[in-house]
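Chain by chain, the residues run as shown.
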Amino acid sequence: MKPAPSLLSSAFLQPAGQALPAPLLALRKQRGAALVDMPMPTRKTENWKYSSKYLKLTDEMATSLPTAGKTGSALAVPGYKVAFINGVMVPEASEYPDLNDILIQRFSDLSDAEASELAERLDSTLDAKAVQFAGLNTARFEDGLVIRLKPDAVLDQPLFIIHEVTADASGSAFPRIFVEAGRNSQITLVEEFISSGQEAVFVNSVTEFTLAEGANVTNIRLSMGGENVQHIGATGVTQQRSSRFESHCVGFGGPLRRHDLRVRLEGKGAECKLNGVVVTQGTQHYDNHTTIEHVAPNCDSEETYRNIAADKSHAVFNGRIHIHPDAQKSNANMSNKNLLLSTGAEIDTKPELEIYADDVKCAHGATIGQLDKESLFYLVSRGIGIREANVLLTMAFINELVAQIPVDAVKDTVQIRLNQFFDQAFQEV
Amino acid sequence: MLSIKNLHASVEGKEILKGINLEIKAGEVHAIMGPNGSGKSTLAQVLAGNDAFEVTSGSVTMHGEDLLEKATEERARDGVFLAFQYPVEIPGVSNLQFMRTSVNAMRHHRGESEMNAAEFMKLAREISKQVDLDPAFLKRGVNEGFSGGEKKRNEIMQALMLQPKLAILDETDSGLDIDALKVVSDGVNALRAEDRAILMVTHYQRLLDHIVPDFVHVLAEGKIVKSGGRELALELEERGYAWLGIKDDETAASSALSNSAN
């Protein structure tokens, strides 16, 4: 493999598929042109400082993976589901109700007028300078999904979006989702990123949410891809007055995992709650960058992230809270705790607070530690095996966050993966 | 049941136990007294298997088997129980989950089937009443936010749940008011049985008013310097450790504290 060039290789700027309405094709072309001289991040790039060394894109990975003929595994999921295979929504593998007030459409099915409106809104929740790779997704998406909830629309069950890559060959996938939640609408969207096959692949995903006044959106995001998947993902959220956004991100490490989560509280009284759990092992990596912009007054944000790193793995957390001058009476809480399960593991954490208003409550805390030896001794002194004692204490570190995941089926999936993690992380204990 | 021969142990290179000899038979209650720093708690920790302490020579056998060879959890499964002087708080693991995992680990070791949730809850509720702990405690994190007395009662509750062969009580009376001391003592007395031995480590005689020992040993500078019956404890109460030629700088201060606590 040749090393990645210092500029994003032009091979990555060749989108696949021409089935999109003209306004979206134009947008894609425009974004592509803007990326011609996009520098690849290095360790001197501040927001990639700890992660640039894990990013190893080769030209073989530049081509979009084919979707045709793939069925994926989404149909095994109970309830409403949408299958994305290799970055493209596959209707045959999806099942969801046909509702008047909740429209679930592929970009390719939009009229030119609708597409034109969408083209103006894509990327509006993400700051292109801060989230370099979101632009690449816009330059490359083959198709995408737009979910529009009309005012007062309520989806009665969670909607699962299964993002699957079939890595039978090297290549890439660019899944794109735009969710527009109308006034007082409600939806729980579960996104699960999975993979099959062994070849080196690149996933570059973007999901955006715009919440109108009073909208209530819950997003659960599971990153479960394989050891052959480099994944750079971004989630952008804008919130109007009195809306509520809740996010549960659970990530298992890989060769490169990056997730940028950006929330803008633009309307008075908006509220967000961001929970995150990351576990890494072997030589895996995971990097979470979150930003909460308190733009309007009287908004609340609460952020709780936990990282657990075993073996020689590496987890990164960067949490930024930015309170704008007009955002008086902001209430922001950020907590990041980190657990190192071995001396070879590394966790880098950086809370960043920028406060330009004077009447705010803003608290943050970050800790890094190991399992407590006295607690371990206490447990084993009661006949509990050393391995199980390690599992109990490690699970105790994230219990609260796992318990808060509001969909039981997802909680079960997470617990099963965690148990696999424990089996490997503590096999020599 | 338990035979300790010439036991030496050190922590961070400093020798704390300097040749302990002690024989404990089933059914007996032994008290180990001594000034602070004499090695009482070290002995308790070494018997339970805390690897922060290094055994440098000597032997400990229980029911004829080498205890020191065994891992902490194996000792526990063979019936060694240590009631901690400072029980650890473990947020995120509920008391219920902790005790059920513990009880089932023991049952598994004995070749018995696991207790189901309902059976376990019934037992746990009964025993929590016995030590005067509100069953609501079971749902909280292990010792999380418990008062000193509640932590000690939780230790005795665990002993009653696990029914050990050898119960080692490390300063179980410290930090207890007189009512809590009564509850804890009643719990310990309920543990007394023909096939069980109890080893109490204590600084003060007052616990021995409630739990009457068969034997009392005085530990000083890592060695047992005197052994006797219950009357030895009373004599110590009256005459202090100086009578045995032992320095105990802290006795006066701690007695004053203990009196004011009462």
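Residues numbered from 1 in each chain as written. Chains lettered and ligands numbered in written order. Predicted model: local features only at pLDDT ≥ 70, side-chain atom pairs only at ≥ 80, totals over all residues.

K.L.:
So what's going on with the overall build of chain B? Residues and values would help.
P.N.:
Helix and strand counts for chain B come out as nine helices and twelve strands. With the principal axes as the frame, chain B shows a C-alpha extent of 55 × 45 × 35 Å. A sequence separation of at least 24 residues applies to 71% of the contacts in chain B between residues at least 6 apart. (Helix = DSSP H or I, 4+ residues; strand = E, 2+ residues; numbered from the N terminus. Contact = placed C-beta atoms within 7 Å.)

K.L.:
Can you explain the pairing of strand E12 (residues 223–228) of chain B? Please cite residues and give values.
P.N.:
Residue and element names in this part refer to chain B. Judged from the five bridges that link them, strand E11 (residues 215–220) and E12 form a sheet pairing that is antiparallel. In the strand pairing of E12, Val216 is matched with Gly228. Between the antiparallel neighbours E11 and E12 lie two residues, among them Glu221 with a positive phi of about 45°. (Pairing = 2+ DSSP bridges.)

K.L.:
I'd like a description of the sheet that holds strand E3 (residues 29–33) of chain B, backed by residues and values.
P.N.:
Residues and elements named next belong to chain B. The mixed open sheet is built from six strands, whose spatial order is E6-E9-E10-E3-E11-E12. Two strands lie at the open edges of the sheet, namely strand E6 (80–83) and E12, each paired on one side alone. Taking the axes of each pair of neighbouring strands and ignoring which way they run, one obtains an average angle of 20° across the sheet. Relative to strand E10 (residues 197–202), strand E9 (residues 166–170) runs parallel, the two being bridged by five bridges. Note that in E10 the partner of Leu166 across the bridge is Ala197. Sitting on the sheet, helix H5 (residues 148–162) is in contact with E6 and E9, with an inclination near 165° to E6. Packing of helix H8 (residues 230–239) onto the sheet brings it into contact with E3, E11 and E12, and relative to E11 it is tilted by some 50°. (Axes fitted to C-alpha atoms, helices over the stretch in contact; angles between N-to-C directions.)

K.L.:
Could you give an account of the interface of chain A and chain B, with specific residues and numbers?
P.N.:
Each partner contributes residues to the interface: chain A has 17 residues there, and chain B has 19 residues. Elements with a contribution of two residues or more to the side of chain A that touches chain B: helix H4 (373–380) and helix H5 (386–403) of chain A. For the side of chain A that touches chain B, the element with the highest residue contribution is H5 of chain A, accounting for seven residues. Looking at the side of chain A that touches chain B residue by residue, the class counts come to eight nonpolar, five polar and four charged. (Nonpolar A, V, L, I, M, F, W, Y, C, P; charged D, E, K, R; others polar.)

K.L.:
Please set out the environment of Ser52 of chain A residue by residue, giving values where relevant.
P.N.:
Residue and element names in this part refer to chain A. Structurally, Ser52 can be placed in the loop between helix H1 (22–34) and strand E1 (80–85). Classification of Ser52 by C-beta neighbours within 10 Å gives partly exposed; the count is 17. When the C-alpha positions of Ser52 and Glu352 are compared, they lie 20 Å apart, and in sequence the two are 300 residues distant. When sequence neighbours within four positions are dropped, the list of residues in contact with Ser52 reads Pro41, Thr42, Arg43 and Thr45. (Buried ≥ 20, exposed ≤ 12 C-beta atoms within 10 Å, placed from the backbone.)

K.L.:
Can you explain the domain arrangement of chain A? Please cite residues and give values.
P.N.:
Residues and elements named next belong to chain A. What the domain assignment lists for chain A is domain 1 (10–370) and domain 2 (378–429). For domain 1 and domain 2, the distance between their C-alpha centroids amounts to 26 Å. Contact residues are listed per partner, giving 21 residues for domain 1 and 18 residues for domain 2. At the level of secondary structure, the elements contributing two or more residues to the side of domain 1 that touches domain 2 comprise strand E8 (186–197), strand E10 (216–223), strand E12 (244–252), strand E14 (271–280) and strand E16 (300–309). (Domains from an automatic or database assignment.)

K.L.:
Help me get a handle on unusual backbone geometry, residues and values and all.
P.N.:
Residue and element names in this part refer to chain B. Of note in the backbone geometry, Asn6 takes a positive phi value of approximately 45° without being a glycine. Within the secondary structure, Asn6 is located in strand E1 (residues 2–11). Of the residues examined, Asn6 has 12 C-beta atoms within 10 Å and is grouped as exposed. With a phi close to 60°, Asn143 is a non-glycine residue in the positive phi region. Looking at where Asn143 falls in the secondary structure, it is placed in the loop between strand E8 (141–142) and H5. Look at Asn143 and you get buried, because 22 C-beta atoms sit within 10 Å.

K.L.:
Outline the confidence of the model for chain B, listing residues and values.
P.N.:
All names here are of chain B. In this model, chain B carries a mean pLDDT of 90, and residues with pLDDT of at least 70 account for 94%. Ranking the elements of chain B by mean pLDDT puts helix H9 (residues 249–261) last with 44 and E6 first with 98. Note on residues 251–262: pLDDT under 50 across the span, and six contacts to partners over four residues away in sequence or across chains. If you check the scores for this complex, the pTM reads 0.91 and the ipTM reads 0.93. (pLDDT = per-residue confidence, 0-100.)

K.L.:
Any chance you could break down the packing of H4 of chain A against H5 of chain A for me, citing the residues and the numbers?
P.N.:
All names here are of chain A. The contact between H4 and H5 brings their axes to 9 Å, and the two run at 130°. Judged by the angle between their axes, H4 and H5 are oblique. With respect to the hand of their crossing, H4 and H5 are arranged in right-handed fashion. Judged by residue contacts, Ser375, Leu376, Leu379 and Val380 of H4 engage Ile386, Ala389, Leu392 and Leu393 from H5. Its residues assigned to classes, the contact of H4 with H5 shows seven nonpolar, one polar and no charged. (Parallel < 35°, antiparallel > 145°, perpendicular 65-115°, else oblique. Left-handed = near helix turned anticlockwise from the far one by under 90°.)

K.L.:
So what's going on with the sheet that holds E14 of chain A? Residues and values would help.
P.N.:
Residue and element names in this part refer to chain A. Reading across the sheet, the ten strands line up as E2-E1-E5-E8-E10-E12-E14-E16-E18-E20 and stay open at both edges, with mixed pairing between neighbours. The open sheet terminates on both sides in strands that have one partner only, identified here as strand E2 (88–89) and strand E20 (361–369). Here E16 pairs with strand E18 (residues 331–340) via ten bridges, running parallel. Residue pairing for E18: Thr304 is matched across the bridge by Ser335. Contacts between H5 and the sheet are confined to E14, E16 and E18, with E16 contributing the most and set at about 150° to the helix. Docked against the sheet, helix H6 (residues 408–425) engages E8, E10, E12 and E14, running at close to 25° with respect to E10.

K.L.:
Run through H5 of chain A, naming residues and quoting values.
P.N.:
Residues and elements named next belong to chain A. For H5, with 18 residues, the first-to-last C-alpha span of 24 Å sits near the 26 Å given by 1.5 Å per residue. Along H5, the sharpest kink reaches roughly 50°, centred on Phe397. Within the span of H5, buried status applies to Ala389, Asn390, Val391, Leu392, Thr394, Ala396, Phe397 and Ile398. (Expected span 1.5 Å × (residues − 1). Bend = angle between axes of the 7 residues up to and from the residue.)

K.L.:
Now, about the packing of H5 of chain B against helix H6 (residues 178–191) of chain B: what can you tell me, with residues and values included?
P.N.:
Residue and element names in this part refer to chain B. Two elements in contact, H5 and H6, have axes whose closest approach is 10 Å; the angle formed by their N-to-C orientations is 10°. Viewed along their axes, H5 and H6 adopt a mutual orientation that is roughly parallel. For the pair H5 and H6, the crossing hand works out as left-handed. Within the contact between the two elements, H5 uses Gly149, Lys152, Arg153, Ile156, Ala159 and Leu160 and H6 uses Ala180, Val183, Val184, Gly187, Val188, Ala190 and Leu191. Its residues placed into classes, the contact of H5 with H6 shows nine nonpolar, two polar and two charged.

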